[in-house]
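# Remarks on the overall topology
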Amino acid sequence: RGGTYGVRRLPSAAPCSLPQHRQFDFWLGSWAYSAPNAVPGTNVITRDPEGCVIEENFVERGYRGRSVSHYDEGTGKWYQTYVDNDGGRLVLVGTFDGVRMNLNETPTQRYYWRPLDSNRVQYALETSADGGTSWTATPFTALYTRR
């Protein structure tokens with residue numbers, strides 16, 4: 001018997017098996033988070049057993065945030081939804097450029113994650129004054145250091 005969520009599609013034979021599904025794997029792990037003028041935090045990034053969803057659990061002295069990220073084969077893009085215990089929400093979409101993950105909030109604002117080495121990831125915000133043709137770094141830059 002089905003129940004409330006009893007109807008679902010049949011799983012694909014090899015879900016999330018493309019190399020693109022692994023583009024964000026550099027962010028997987030347990031991290032210490034630091035940024036100028038910010039309270040230090042921790043972030044644990046995991047992947048679901050099927051390899052389709054990256055889950056984030058961020059904690060910073062009384063503040064908590066969670067996100068899910070997913071690569072969509074149909075669009076060739078990454079999608080991330082972030083929510084926090086302050087009622088905030090980010091919906092991001094973008095691509096991996098071979099060096100870093102770039103996820104846009106708007107056509108003129110994007111966040112990026114760039115591995116500096118196997119134990120450090122830079123997280124920053126950029127803005128564009130020309131609709132995304134060129135990008136300028138903002139003062140916000142954070143660092144994830146593997147714990």
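Cut-offs and rules
Residues numbered from 1 in each chain as written. Predicted model: local features only at pLDDT ≥ 70, side-chain atom pairs only at ≥ 80, totals over all residues. Heavy atoms only, no water. Pairing = 2+ DSSP bridges. Helix = DSSP H or I, 4+ residues; strand = E, 2+ residues; numbered from the N terminus. Axes fitted to C-alpha atoms, helices over the stretch in contact; angles between N-to-C directions. Phe/Tyr/Trp six-rings, centres within 6.5 Å; stacked < 30°, edge-to-face > 60°. Buried < 20%, exposed > 50% of the residue type's maximum accessible area, 1.4 Å probe, protein only. Lys NZ or Arg CZ within 6 Å of the ring centre and 35° of its normal. Core = buried A, V, L, I, M, F, W, Y, C linked by side-chain atoms within 4.5 Å. Contact = heavy atoms within 4.5 Å. Disulfide = S-S within 2.5 Å.

The subject of this paragraph is the sheet that holds strand E10 (residues 136-146). Strands belonging to one sheet form pairs held by backbone hydrogen bonds; the direction of such a pair is parallel or antiparallel. Around the barrel, ten strands lie side by side as E1-E2-E3-E4-E5-E6-E7-E8-E9-E10; this closed barrel has antiparallel pairing. Across the sheet, the axes of successive neighbouring strands diverge by a mean angle of 25°, strand direction being ignored. With eight bridges connecting them, strand E8 (residues 109-117) and strand E9 (residues 120-127) associate as antiparallel partners. Its bridge partner being in E9, Tyr111 is matched across the sheet by Leu125.

Before going further, it helps to examine the packing of aromatic side chains. Between two aromatic rings, the relevant description is the distance of the centres plus the angle of the planes. Counted by the stated rule, this structure contains 16 aromatic pairs. Ring centres 5.4 Å apart and planes at 75° place the aromatic pair Phe24 and Trp113 in the edge-to-face group. In this pair, Phe24 is assigned in the segment before strand E1 (29-34) and Trp113 in strand E8, connecting sequence segments 89 residues apart. Side by side, Phe24 and Trp113 carry an identical accessibility label, which is buried. Pairing Tyr123 with Tyr144 gives two aromatic rings, centres 6.1 Å apart and planes at 45°, and the pair type is tilted. Of the two residues, Tyr123 sits in strand E9 while Tyr144 sits in strand E10, which places them 21 residues apart along the sequence. With respect to class, Tyr123 is no different from Tyr144; both count as buried. Cation over ring: Arg100 sits above Tyr112, and NZ or CZ is 3.7 Å from the ring centre.

Let's shift gears to the nonpolar core. Among soluble globular proteins, nonpolar side chains are generally buried collectively. Judged by nonpolar contacts, the single largest core of 24 residues is most densely connected at Phe24, Trp27, Trp113 and Tyr144. Counting residues per element, this core draws most heavily on E9, which supplies three residues. Residues contacting Trp27, with those up to four places away along its chain left out, are Asn43, Ile45, Ile54, Glu56, Ser67, Gln80, Trp113 and Tyr144.

Here the focus is the state of the cysteines. Summed over all chains, the structure comprises one disulfide. Note that Cys16 is cross-linked by a disulfide to Cys52, the S-S spacing being 1.9 Å. Residues Cys16 and Cys52 are joined through a disulfide that is right-handed, its torsion about the S-S bond being 110°. With Cys16 in the segment before E1 and Cys52 in the loop between strand E2 (41-47) and strand E3 (54-60), this pair connects stretches of sequence that are 36 residues apart. By relative accessible area, which is 7% here, Cys16 ends up buried.

Note that every value here comes from positions in space, so none of it alone points to a role or purpose.
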